[in-house]
Structures are given as C-alpha cells and as structure tokens.
Amino acid sequence: SALSAYEKVQDILTQKVGAELPPEIANNMGVLYCRQADYVKADKMFELASERARTESSHDERYYQAIAVTIAYNLARLMEYQHQRDEAETQYKQISKEHPSYIDCYLRLGCMARDRGQAYEASDWFREALHFFPNHPDSWSLMGNLHLGKAEWGPGQKKFEFILKQPSTSTDPYALLALGNVWLQTLHLPSRDKTKEARHQSRALSIFKQVLRADPKNLYAANGVGAVMAHKGNYREARDIFAQVREATADVADVWLNLAHLYVEQKQFVSAIQMYDNCQKKFFRGHNVDIMLYTARAHYKAGRFDDCKKALLKARHVAPQDTVLLFNQALVLQRLSRDVLRSEKSNLKQVLQSIADLEMAQKSFHWLARHGDRMRFDLAHADSEARLCSDLLSQAKYHETRARRLDSEEKEARHRQEKEREALLAKQRQTELERVRHKEEEERRLMEQREKFRQKTMNLLQFQPEPTSSKSGGRSKRSKPTSGDIYSDGEGGELLDEPPRKKAKRSRKRRSEGEDGEEGPSKKRRSRKSTEPRAPRQPKAAKEPKDTGRKKYQSKAFVSSSDDSSEDEDTQGLVIDDNDRVAPSQDDPASDEEEALSEEEEDSEVSDAPASPQPDSPQPDSPHLDSPQDSPAASDEGRPPPGRARIISSSEEDD
C-alpha cells in the first residue's frame, strides 16, 4: 500500500504538476522495491535518487550530502541482495572511509565476514563499531550471536545481559528473546545437569512471557513458549502454539523446524522429514548444515540407516570441518556394520564392506576422543564407541569365514541350477523339434491323402471300357455295376446315383410274328470282318399270337454306353418305333410262356443287353444304327437279326 501511494505521488508530480521527484521519495521507493525483491526497479530508483541529491545539493549541501550517504549505503545493500559481495564490500569501505561514524557499514562488513565463516574478522568489525558507540545495542547483539553460533553460551549470555542492564534498553525484546533461547539451549548440552533442567525451563518460560506482556503480538516469544512446552512433554499444547504462529506468518523458519522436531518426538518420521525438506528449500536453498543434521537424526530414529548415512555424507560435503557431523557419521557406520555382521543373510561383499566401515568408524572415534569439541559432544562417549568398534572387529574374522563359506555354497548351487536350466532348455528344444517334425509329417500325410482322394475323384468322371469275357457258343453278359459308374435314366438323359435294376432274364428268345409280315422293326448290325462268312440261321415258323386282350407297347428308349457294357456296344443304342407292336404268334406253343414272362416284367425297367459278337469276328470301329426298311433280314426273316435286342415294356409301365 505504501508503494502504491508513492507511485501515485510520482504520477501527480511528473504528469500533472510537471515537477521532479524528490530524492527522499525516490530513495524510499527503492527500499520498498528491494523488499519486494524487485531489484531492477530498486536500482533505477536509487540511481534517480542519487542524481536528484547531487542536483539539489546546491540549495542545501549538508542536508543533501547526508541523503547521498544513505542512498550509497542502500545501493551497497542492493548489491548484497544481488550477490555482488565484492562490489558491496568496496562500497561499504568507501563510505566508512569518508564517514567514519557511519557504523552501519562496520556492522555489514562484520556480517559478511561472519557469513564467510570468518568469525574473528567479524568480531573485529563489530568491535570497530563499538569504538564510536560503546553502548550500541546492535553491535552487542551481533557479538552475542557470534558467541552463540560458536556454542559459547557463557560469553553470549553476558553480551545480552549487558544490553538489558542499560537504562535505555532494559526492556529490549531482542535481548530478552536471545537470553531466553540461551536458557533453553542449555537443555541440550551434553554436560548438562539433569537436576537443573526444570529450573532452566522455568527461567526460559518466564522470559518469553515477559516479552509477550510487553508485545502481545511478538511471534518469536510465542514460538519460545511452544518450545518450552514441548520440552516439558506437553506435545499437544506445543503443537497448537506452533500452528497458530505458522498461521500468523509463514516467513519464520524456526516455526517450521519446531513443528518438524515435534513430529519426530511423536514418531511421525515421514511428516518430520518432509517438513525439514520444505524448510530447507524455502529458507536456506538446500545448504543449511543444521537442517541436514536434523534430517539425518529423523532417518536414524526411523531405522533408515542407509538414508541417514547419505544425509550425513551430503552435510559433510558442505561442512567437512564439523566434528559433530563426523561423530554422527562414525556412529551410523558402526550401527550399520553391526547389523550386517549379525545378519545370517549377508553376503561376502556386504561383510567385507562392513569390516571396512568399522575400521573407519574406529579411527574417527579415536581422533574425536582426543581432538573433539567438548562443548558439542561428550569426548568420553567417543572413546567408548571406539572400544565397541574394536570388539566388533575382533569378531569380524568369524563372520568373514562364515560369509565365504556361504558364498562358495551359493556359487555351487547357482552353478548346479545353471546346469539344470541348460539341460531343461535342451530338452525343451528337443521336444519342440520333435513336435515340429511330427507336425510336418502329419501335414505331408494329409496332403498325400488329399492327392489320392483328388485322383480318385477325377477317375470317377472318366469312362473306361471293361473287357468282356466271352464263352464259346454263348452270348456275352453284362457285368455287374461297380461303384463310381454313371447311369442314364433313358429318355431324360439325367445322371443317376444308383444303378438301374436288372430285368429278369428271359427263358426264351422272342420270336418274330411269322409269315403274315407283321415283324417288329429291327436294326441291322454291321457284319464283322472275317475270312469265312457265317451262314445265317434259319428262322423258325412263327405262329399267330393269341389274343389275350392285353396290349404290349414298345417304348422309345435307347441303351446308353457304360463301363459295364461289352466292348462292341460302348456307344450303340436301339431305337424302337412307337407304332410298331410285337405280339407273339398264336400257333407258337411258347407264346403262353412268353406272356407269363412279360407279366413278370411289368414292374421292372425296360432294358436289355445286346447280344455279344462272335469271338471270331473283329470289333467294329464305330457302331451305327440301321433303319428297319434297309434291313434285309427284317424282310426275309420272322425275327430280329442276330446281335440285336428289342426292348419291350408292359402297358402299365409305359403309361
């Protein structure tokens, strides 16, 4: 709000009034920008203020020179914020040289030396400021803090008591808080007297309450009261106080650390470690050795010795001269080595590493027992820990022998398992090869069967003639049909799956009608080539057929060639005229038998096998059909010519 007011004033002066900004306002705006970490604008305002001070010095030189010194000091402070420490140190020395009584420069030079770890140089700068102002409270406070930082509680306590003895600073809150922290810090000393702990707690609590009476809104005093309550074991009350202080402001690192300490005491180690890490990142940019030590302590109490070791190693990289870190590191190495040696599951590598860590811890404890800082840890404790390391090293030979024996057994077992694994893999590979081979053989067998089946199916569609067996003096007979033959239903020409039913063999040959010339149509067979012509048979006398009142019809049909027919009748068929009608002769005594035979054939199909050729005569090249008019045998004889067959069906079947 103050900065916005100054900006409004600047706008009024520069835009409406047309006047220049005074150096005092420009300096104050630079300070506010610096507090907001806007260092660029702060630098511009300080440069503007310095220029305006030089311009206005002609009106009042003494006044504006004093303002110029303040602006120069603020510029040096800005350099510190921007980590330009060499330039800032040069600026402070230049100001102190021109104005020796300006003690703020001495104090800043002492603080910069303190931050570099040069405590004696810092003390010299603070004493230089006391030469000009012997009772200056800031100088005494900085010197007291320098003693407390080195754990010199007595000299530090005296510095703050000197401030409180002065009439003008008898109620100085900073000195009272520092004195209360000194009484509180005595509770953590290694050489403390436990009988005096309650008295020290009461003194610290009374001092913090005195500060709160003078300034009820003092957050540091409230934080001190919470710390005393935590030392007394009242963790709930202490936690409530810390929470209220943290709600009031989040810019105090001590509140974060106290909350983390309280979590450790309540064994909430995860929350404590997380709080330490957040405080480290927020306030110290990850390089505060004390917070690293607190984090290692939380890991140690949680039993995470490896994490504790890592945290201590990181802290030692930052502060290798710290003896407390060295003591804690040796203690953690000893604890880790003892656990590894006592464990039955430790391998040889872990045992050897533990022995090496024990030797390092023993050397560290021996050195700390002679050259340690008595104000930070007990030297006798370091000596006792060194003796414990020696005892553990004396037992290390047994643990090493046991670890070597276990390691050799483990190697043998691993080698045996590797052999078994290789044998199992070889067996699996062999099984896989056999499976593949069987699969290939099965596929090859299936392909062969498929090829055979395909060839067999193709053969079914081919017409192959079968040789006819002829007997001397007899006619060839039709062979039995086999599977795979194709049959025709006669007139329609459709293929049949089943062979046709055989017609009952006739007991007698049919005769022609006789002399009246009513012969059935016949077809003339080609004469076979032979050296000697065969004499035709003499037809028997035909008799008049009896009129039985039943008609017999001839059906238009033909006999298709098949594999079952004889060689000479592969493609020869018999065509029968529908108008012709064959009737038995009445004078023939065999007509009655023929009539009875025809009645038996009413339910059968109309087909008859042609007469087989003479075995002497050659097979004709291509059979053909002759018309009834051209057949001389049909006109001279009363029966069909030899080699022809006539198909006669009953009237019921033709219908």
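Described below are features of the structure shown in this document. All values reported here derive from a predicted model rather than from experimental measurement. (Residues numbered from 1 in each chain as written. Predicted model: local features only at pLDDT ≥ 70, side-chain atom pairs only at ≥ 80, totals over all residues. Heavy atoms only, no water.)

1. Concerning the environment of Tyr-300
No. 1: Within the fold, Tyr-300 resides in helix α16 (residues 289–301).
No. 2: Residues Tyr-300 and Val-332 lie 32 residues apart in sequence; the distance between their C-alpha atoms is 8.0 Å.
No. 3: Setting aside chain neighbours within four positions, we find Tyr-300 in contact with Phe-305, Cys-308, Leu-331, Val-332 and Arg-335. (Helix = DSSP H or I, 4+ residues; strand = E, 2+ residues; numbered from the N terminus. Contact = heavy atoms within 4.5 Å.)

2. Quick notes on the packing of aromatic side chains
No. 1: If you walk through the whole model with that rule in mind, you get 13 aromatic pairs.
No. 2: Between Trp-140 and Phe-162, the ring centres sit 4.3 Å apart and the planes meet at 40°, which makes this aromatic pair tilted. Of this pair, Trp-140 sits in helix α8 (residues 137–149) while Phe-162 sits in helix α9 (residues 153–165), and the two are 22 residues apart along the sequence.
No. 3: A relative accessible area of 27% places Phe-162 in the partly exposed class.
No. 4: Feature note: the residues Tyr-73, Tyr-92 and Tyr-102 constitute an aromatic cluster, connected by ring pairs.
No. 5: For Lys-150, the ring lying beneath its charged end belongs to Tyr-120, and the centroid distance is 4.5 Å.
No. 6: Looking at Lys-282, its charged tip hangs above the ring of Phe-283, at a distance of 5.6 Å from the centre. (Phe/Tyr/Trp six-rings, centres within 6.5 Å; stacked < 30°, edge-to-face > 60°. Buried < 20%, exposed > 50% of the residue type's maximum accessible area, 1.4 Å probe, protein only. Lys NZ or Arg CZ within 6 Å of the ring centre and 35° of its normal.)

3. Details of the pattern of salt bridges
No. 1: Taken as a whole, this structure holds 22 salt bridges when the rule is applied.
No. 2: Lys-150 is the partner of Glu-152 in a salt bridge, and the nearest nitrogen-oxygen pair spans 3.7 Å.
No. 3: We classify Glu-152 as partly exposed; its relative accessible area is 27%.
No. 4: Between Glu-409 and Arg-405 there is a salt bridge, with its nearest N and O atoms 3.8 Å apart. (Salt bridge = Lys/Arg side-chain N within 4 Å of Asp/Glu carboxyl O.)

4. Points about the nonpolar core
No. 1: Ranked by size, the top nonpolar core spans 58 residues in total, and within it Phe-126 and Tyr-276 carry the most contacts.
No. 2: Once you skip the residues sitting within four places of it in the chain, Tyr-276 turns out to touch Leu-257, Ala-260, His-261, Val-264, Ile-291, Tyr-294, Thr-295 and Ala-298.
No. 3: If you look at the next biggest cluster of nonpolar residues, it comprises 22 residues, including Leu-326, Ala-382, Ala-386 and Ala-403. (Core = buried A, V, L, I, M, F, W, Y, C linked by side-chain atoms within 4.5 Å.)

5. Examining helix α18 (residues 323–342)
No. 1: Between its terminal C-alpha atoms α18 stretches 29 Å, which fits the 28 Å expected from 20 residues at 1.5 Å a residue.
No. 2: Of all the 20 residues making up α18, 14 are buried; the element is thus mostly covered by neighbouring parts of the structure.
No. 3: Capping the start of α18, Asp-322 holds a side-chain oxygen 3.0 Å from the backbone nitrogen of Val-324, two or three residues further along. (Expected span 1.5 Å × (residues − 1). Polar contact = N/O pair within 3.5 Å; in protein donor to acceptor, adjacent residues only side chain to side chain.)

6. Regarding the side chain of Gln-280
No. 1: Its place among the elements puts Gln-280 in helix α15 (residues 269–283).
No. 2: Dropping the residues within four chain positions of it, Gln-280 is found in contact with Arg-285, Gly-286, His-287, Asn-288, Ile-291 and Met-292.

7. Considerations on the packing of helix α3 (residues 39–56) against helix α4 (residues 61–81)
No. 1: Packing of α3 against α4 leaves a shortest axis separation of 9 Å and a crossing angle of 160°. Classified by the angle between their axes, α3 and α4 sit roughly antiparallel to one another. The way α3 lies across α4 gives a crossing that is left-handed. Across from Tyr-39, Ala-42, Asp-43, Phe-46, Glu-47, Ala-49, Ser-50, Ala-53 and Glu-56 in α3, the residues of α4 making contact are Tyr-64, Ile-71, Asn-74, Leu-75, Leu-78 and Tyr-81.
No. 2: Class assignment for the residues of the contact of α3 with α4 results in ten nonpolar, two polar and three charged. (Axes fitted to C-alpha atoms, helices over the stretch in contact; angles between N-to-C directions. Parallel < 35°, antiparallel > 145°, perpendicular 65-115°, else oblique. Left-handed = near helix turned anticlockwise from the far one by under 90°. Nonpolar A, V, L, I, M, F, W, Y, C, P; charged D, E, K, R; others polar.)

In short, geometric facts, not functional conclusions.
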